[in-house]
Amino acid sequence: SRSDVVIVLKKIVHYNGGTVKASSPLMADESIRVGSSNESSHGNGNGASDESVGAHSALIAENSRQSESHSNADRPSWLEWPEDSNADERQSVSGSLANMQQVRTARTAKSYLQSWVKWAKPALNVTAHTKLFKPLFARPLRRTTILVWAIWATVAMGFTMFNVFLPKLLGTHGGDANSQQHSPQSSAAAGSHSKQVRVYRDALIYAVSGVPGSIIGSWMVNTRLGRIYSMALSTFVSGLALIAFAFSAKAHSSALTIVSSSVFGLMSTLMFAVIYAYTPEVFYPAVRGTACGTASAFGRVAGIIAPLITGLLLSISTTVPLYVSVGLLWAAAGCMIALPIETRDLAS
């Protein structure tokens, strides 16, 4: 890293600074000067001067050797890495790089936070969102808005209360009266296998019976019944099918269970098909998204609450959730009839 390179360079400079090796150019120059002085002194015939110069050069060489040996004995080689001697320096360089990284991270987090606040501020503006609902509660659409939202909530709750616990209801309501008269040993021998097969069979028939519902609904909305009465009729018949399904528990009639559940599957699919067609048609484009989205939200919330209520009602009786579903569906049918705008002519 960058800090390691800086420390290595400083170690090399520190190792070579302040001392001169015998083999260095400086010592070579010193030897040349001493040799030249000796030659000049010999050339002049000055013996005393030769002895003094020789002693002086020997003393310089001895001092340089001693200083070099002491320095080399105390100082490690430049190839070694004395961690202890430069620990503080290494820590300071690493600390400065870490501080730079922290500053950069803080700036990045701050920019992300500012951009998120800039994006979330209009999304959390309650006043601006409230203004979107004002046209829905204006005089021309007030009644339609309230009724449509009520229809979505009650239909979703009534349908979910039956549909979620359908396997349990089929298991308790199915079975013929003759099969109930067998001995406990024979019924235990028949076991739960036949009951399981019967439940899966009835659930399959219920699911398949809803397939023609959307096709029939696409035809009914363009008849004299229109959107409103097609919704109301299918919702009312769905309630009647649930009453027949509740009676099948007392009659122990497998045929009545299959017929009533199939009729409910057909009518409920037809009902939802017309509701999905009517809701976007009745609102003009400027408020259509808000109206349809809110209606769907009411339906989702009702679908979440419905299983909780059904679980409590099943502890009382298996038929109580059915009658509650009938009441909710018939209340939705009443709201459908009260709708003031028929969109069949508007669509054509």
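The structure presented is a predicted model; accordingly, all values stated were derived computationally and were not measured. (Residues numbered from 1 in each chain as written. Predicted model: local features only at pLDDT ≥ 70, side-chain atom pairs only at ≥ 80, totals over all residues. Heavy atoms only, no water.)

K.L.:
Explain the overall build of the protein here, please?
P.N.:
Scanning the protein for helices and strands turns up 14 helices and zero strands. Relative to its full complement of 348 residues, the protein shows a buried share of 31%. (Helix = DSSP H or I, 4+ residues; strand = E, 2+ residues; numbered from the N terminus. Buried < 20%, exposed > 50% of the residue type's maximum accessible area, 1.4 Å probe, protein only.)

K.L.:
Explanation requested: the nonpolar core in the structure shown.
P.N.:
One finds Val148, Phe162, Phe264, Ile275, Phe283, Met336 and Leu339 to be the most contacted residues of the largest nonpolar core, which totals 44 residues. Excluding residues within four positions of it along the chain, Phe162 makes contact with Leu169, Tyr206, Leu242, Phe245, Phe264, Leu322 and Ser325. Membership of the second largest hydrophobic core comes to seven residues, among which are Met157, Ala302, Ala306 and Leu328. (Core = buried A, V, L, I, M, F, W, Y, C linked by side-chain atoms within 4.5 Å. Contact = heavy atoms within 4.5 Å.)

K.L.:
I keep staring at helix α10 (residues 226–251) and nothing clicks. Help me out?
P.N.:
Each full turn of the α-helix corresponds to 3.6 residues, which orients residues three or four apart in the same direction. For α10, which comprises 26 residues, the first-to-last C-alpha distance of 37 Å matches the rise-based estimate of 38 Å (1.5 Å per residue) to within 8%. Just downstream of α10, His252 is the residue with a positive phi angle, here 50°. (Expected span 1.5 Å × (residues − 1).)

K.L.:
It is not clear to me how the confidence of the model for the protein should be interpreted in this structure. Could you clarify?
P.N.:
When pLDDT is low, close inspection of the predicted coordinates is not appropriate. In the predicted model, the protein carries a mean pLDDT of 75, and 62% of its residues have values of at least 70. In the model of the protein, helix α2 (residues 25–44) stands out as the element of lowest mean pLDDT, 47, in contrast to helix α13 (residues 320–337), which has the highest, 94. For the stretch residues 18–50, pLDDT sits under 50, and the model shows 19 contacts to residues farther than four places along the chain or on other chains. In the model, residues 77–85 has pLDDT below 50 throughout and makes 12 contacts with residues more than four positions away in sequence or in other chains. (pLDDT = per-residue confidence, 0-100.)

K.L.:
Explanation requested: the packing of aromatic side chains in the structure shown.
P.N.:
In this description, an aromatic ring pair is defined by two values, namely the gap between the centres and the angle between the planes. Counting across every chain of the model gives 10 aromatic pairs. Ring geometry for Phe159 versus Phe272: centroids 5.3 Å apart, planes at 80°, classification edge-to-face. With Phe159 in helix α6 (residues 142–163) and Phe272 in helix α11 (residues 254–282), this residue pair connects regions lying 113 residues apart in the sequence. A residue is classified by how much of its surface remains accessible, and Phe159, at 18% relative accessible area, is buried. Aromatic pair Phe162 and Tyr206: ring centres 6.1 Å apart, planes at 70°, arrangement edge-to-face. Of this pair, Phe162 sits in helix α6 while Tyr206 sits in helix α8 (residues 184–209); the two residues are 44 residues apart in sequence, bridging distant segments of the chain. Considered together, Phe162 and Tyr206 belong to a single accessibility category, that of buried residues. (Phe/Tyr/Trp six-rings, centres within 6.5 Å; stacked < 30°, edge-to-face > 60°.)

K.L.:
Just to check I follow, could you spell out the environment of Val301 for this structure?
P.N.:
For Val301, the position within the fold is in helix α12 (residues 285–314). Separated by 144 residues in the primary sequence, Val301 and Met157 place their C-alpha atoms 8.7 Å from one another.

K.L.:
Looking at this structure, I do not really get the pattern of salt bridges. What am I missing?
P.N.:
A side chain with one charge can pair with a side chain of the opposite charge if their charged atoms come near. Enumeration over the complete set of coordinates arrives at two salt bridges. Between Arg201 and Asp202 there is a salt bridge; the shortest N-O distance is 3.1 Å. The exposure class assigned to Arg201 is partly exposed, which follows from its relative accessible area of 38%. For the salt bridge of Arg227 with Glu281, the shortest nitrogen-to-oxygen distance reads 3.1 Å. (Salt bridge = Lys/Arg side-chain N within 4 Å of Asp/Glu carboxyl O.)

K.L.:
Just to check I follow, could you spell out the packing of α12 against α13 for this structure?
P.N.:
The packing of two helices is summarised by the inter-axis angle and the distance between the axes. Direction vectors running N to C along α12 and α13 enclose 135°, while the axes themselves pass 8 Å from each other. As far as their axial angle goes, α13 and α12 are oblique. Judged by residue contacts, Thr310, Leu313 and Leu314 of α12 engage Val320, Pro321 and Val324 from α13. For the contact of α12 with α13, a count of residues per class yields five nonpolar, one polar and no charged. (Axes fitted to C-alpha atoms, helices over the stretch in contact; angles between N-to-C directions. Parallel < 35°, antiparallel > 145°, perpendicular 65-115°, else oblique. Nonpolar A, V, L, I, M, F, W, Y, C, P; charged D, E, K, R; others polar.)

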